[in-house]
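Spelled out from the first residue to the last, the chains are:
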Amino acid sequence: MYVVKSPLSDENLKTVSEALQGALVDLVDLSLVAKQIHWNVVGQRFRSVHLQLDEVVTLARTHTDTVAERAAALGVSPDGRAATVAVGSGIGVTPEGWVDDTAAVGAMVDALGAVTARMRERVDATGEADPVSQDLLITVTGDLEKQRWMFQAENG
């Protein structure tokens, strides 16, 4: 079987692979959380929140693919299986059943906050190990922080 060889040292590859795998897990879970809330949001702001949630889903899925492909390019097999995501995500419990629009927005602020905090740790960890992966994680973090700001503004 052909295995992709990394240009990074073993030590740097370990640091970067952990960061990319953690980012992958959080992004997969974020897309699932946003979609779950998207299907169940109710309230006067239903339409705007419903559409905003789909923006997060699209963003998370796009970045998931980019992060997974970066890992693969470095010779690291990305793992986005449900069991891996369930064990490794930093996002708390998603509300069950119908979710009032205010609670939905609050849940997304919390989820995005948890993911961005972990992303910032990964940005710091990858700086010396691999600036290319760090740059990717910086972009992801910036996009997620923008979404968090928009959700925070939604609830005032």
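Structure report, in brief. Just so it is clear, the model here is predicted, and its values are computed rather than measured. (Residues numbered from 1 in each chain as written. Predicted model: local features only at pLDDT ≥ 70, side-chain atom pairs only at ≥ 80, totals over all residues. Heavy atoms only, no water.)

Examining the packing of helix α1 (residues 10-40) against helix α4 (residues 101-126)
To be explicit about the condition: The axes are straight lines fitted to the C-alpha atoms, using for helices just the contacting stretch, and the angles between their N-to-C directions are given from 0 to 180°. Under the scheme used here, helices are H or I runs from DSSP no shorter than 4 residues and strands are E runs no shorter than 2 residues, and both carry numbers assigned from the N terminus. Roughly parallel means an angle under 35 degrees; roughly antiparallel, over 145; roughly perpendicular, 65 to 115; everything else is oblique. Here, two residues are considered to be in contact whenever any of their heavy atoms come within 4.5 Å of each other. When residues are grouped by polarity, Ala, Val, Leu, Ile, Met, Phe, Trp, Tyr, Cys and Pro land in nonpolar, Asp, Glu, Lys and Arg in charged, and all others, Gly among them, in polar.
One can describe the packing of α1 onto α4 by two numbers: an axis separation of 10 Å at closest approach and a directional angle of 170 degrees. Classed by the angle they form, the pair α1 and α4 counts as roughly antiparallel. From α1, T15, V16, A19, G22, A23, D26, L27, L30, V33, A34 and I37 reach across to α4, where they touch A104, A107, M108, A111, L112, V115, R118, M119, R122, A125 and T126. In terms of residue class, the contact of α1 with α4 is built from 16 nonpolar, 3 polar and 3 charged.

Overview of the side chain of S17
Quick note on the threshold: Nitrogen and oxygen atoms within 3.5 Å of one another constitute a polar contact, given that in protein one can donate a hydrogen and the other can accept it, and given that sequence-neighbouring residues count only through two side-chain atoms.
With respect to the helices, strands and loops of the structure, S17 is situated in helix α1. Within the structure, S17 has its side chain in polar contact with the backbone oxygen of K14 (distance 3.1 Å).

Examining the pattern of salt bridges
Keep this limit in mind: One speaks of a salt bridge when a side-chain nitrogen belonging to Lys or Arg is within 4 Å of a carboxyl oxygen belonging to Asp or Glu. A simple rule labels every residue: compare its accessible area, found with a 1.4 Å probe on the protein chains alone, to the largest value its type can have, and call it buried under 20%, exposed over 50%, or partly exposed in between.
This structure, assessed with the given rule, holds 9 salt bridges. One salt bridge connects R45 with E154, and the closest N-O pair in it is separated by 3.5 Å. Of this pair, R45 sits in the loop between β1 (41-42) and α2 (46-73) while E154 sits in helix α5 (residues 131-155), placing them 109 residues apart in sequence. By relative accessible area, which is 25% here, E154 ends up partly exposed. Linking R81 and D79 is a salt bridge whose minimum nitrogen-to-oxygen distance equals 2.8 Å. Look at R81 and you get exposed, because its relative accessible area is 57%. Salt bridges here are not isolated pairs; linked through shared partners, they connect D26, R118 and R122.

Comments concerning the nonpolar core
Spelled out, the test is: To form a nonpolar core, buried Ala, Val, Leu, Ile, Met, Phe, Trp, Tyr and Cys residues must be joined to one another through side-chain atoms within 4.5 Å.
Grouped together as the largest cluster of nonpolar side chains are 45 residues, with contacts concentrated most on L30, M108 and L144. For this core, the secondary structure elements donating two or more residues are α1, α2, α4 and α5. For this core, the element with the most residues is α1, which contributes 13 residues. In this view, M108 contacts L30, V33, A34, I37, L53, V56 and F151; residues no more than four positions away in its chain are not counted.

So, the packing of α1 against α2
Applicable threshold: Left-handed describes a crossing in which the near helix is turned anticlockwise from the far one by less than a right angle; the clockwise case is right-handed.
Contact pair α1 / α2: the axes reach a minimum separation of 8 Å and the direction vectors enclose 160 degrees. Considered as vectors, α1 and α2 are oriented roughly antiparallel to each other. Along this stretch, α1 crosses α2, giving a crossing that reads as left-handed. Partitioning the contact of α1 with α2 into residue classes produces 15 nonpolar, 5 polar and 4 charged.

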